[in-house]
Amino acid sequence: MRRMMMSWLCVGVLNLGCAEGLGDSCDAQTACPDDLVCSFPSGDDGPAPRGICDYPLRAEGEACTVAAECEEALTCSSHFTPGDRYGTCVKQRADGEVCFEDRDCEGGTCAGASGTALDGVCAAED
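Residues numbered from 1 in each chain as written. Predicted model: local features only at pLDDT ≥ 70, side-chain atom pairs only at ≥ 80, totals over all residues. Heavy atoms only, no water.

Draft legend 1. Fine view of the pairing of strand E8 (residues 87–91). Bridge count between strand E6 (residues 63–64) and E8: two bridges; the pairing is antiparallel. Note that in E8 the partner of Ala 63 across the bridge is Thr 88. (Pairing = 2+ DSSP bridges. Helix = DSSP H or I, 4+ residues; strand = E, 2+ residues; numbered from the N terminus.)

Quick look at the structure:
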C-alpha cells in the first residue's frame, strides 16, 4: 500500500512540473491554454496548416538557450560566448561579424559556418 501511494505521489509531482497544453496540436479554431501560443513551423511551402502550443518567442533582453527561442529579428547571445549555456536575445549581427548560423545575421547568411562552432561570417544574401 505504501509503495503504491509513493508511486502516485511521484506521478503527481511530475505532472505539476509540466505545462498543460504544451506540445498540443492547434490551429485557427483550436486555441492554446493561457501563456502559450500556437506556433506554426515554416517549411519550403510556407507555414504549416497546423501548429503546436508552445511558449511565446522571447523579446530583446530576455533569457534564451538557442536563437529559435527569440523573436525573428533576434538571435541568442549564447552563440557568441563559447561554453555558456544561457544567453539573452540580442539583435542580429551586421555583415562582416562572426556568426554561428544564418539566423544570427541581419542579412540572413552566415557564410562558412559549420553549425558546430563560431566559425562563420555574416554576409549579404546573394
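Now that the structure is up, let's keep going.
Draft legend 2. Up close: the sheet that holds strand E10 (residues 109–111). Spatial ordering of the open sheet is given by E9-E11-E10, a layout of three strands whose pairing is antiparallel. Either end of the sheet is taken by a strand with one partner, and the two such strands are strand E9 (98–99) and E10. Sheet topology places E9 next to strand E11 (residues 120–123); two bridges connect them, and they run antiparallel. Residue pairing across strands places Cys 99 opposite Gly 120, the latter belonging to E11.

Draft legend 3. Region of interest: the layout of surface pockets. Taken as a whole, the largest pocket holds about 240 Å³ of empty space. Around the largest pocket, the lining residues are Val 37, Cys 38, Ser 39, Phe 40, Ser 42, Asp 54, Tyr 55, Pro 56, Leu 57, Arg 58, Ala 68 and Glu 69. For the lining of the largest pocket, the element with the most residues is strand E2 (residues 37–39), which contributes three residues. Residues belonging to the lining of the largest pocket are distributed by class as follows: seven nonpolar, two polar and three charged. (1 Å grid on protein atoms, 1.4 Å probe; cavity = no way out; pocket = protein on both sides within 12 Å on 5 of 7 lines; lining within 4 Å. Points joined across faces, edges and corners; volume = space filled by probe spheres on them. Nonpolar A, V, L, I, M, F, W, Y, C, P; charged D, E, K, R; others polar.)

Draft legend 4. Representation of the confidence of the model for the protein within the structure. Within the protein, residue pLDDT values average 80, and 83% of them lie at 70 or more. Highest mean pLDDT in the protein belongs to E8 (94); lowest belongs to helix H1 (residues 2–16) (41). Counted against residues more than four places away or in other chains, residues 1–18, with its pLDDT under 50, gives zero contacts. (pLDDT = per-residue confidence, 0-100. Contact = heavy atoms within 4.5 Å.)

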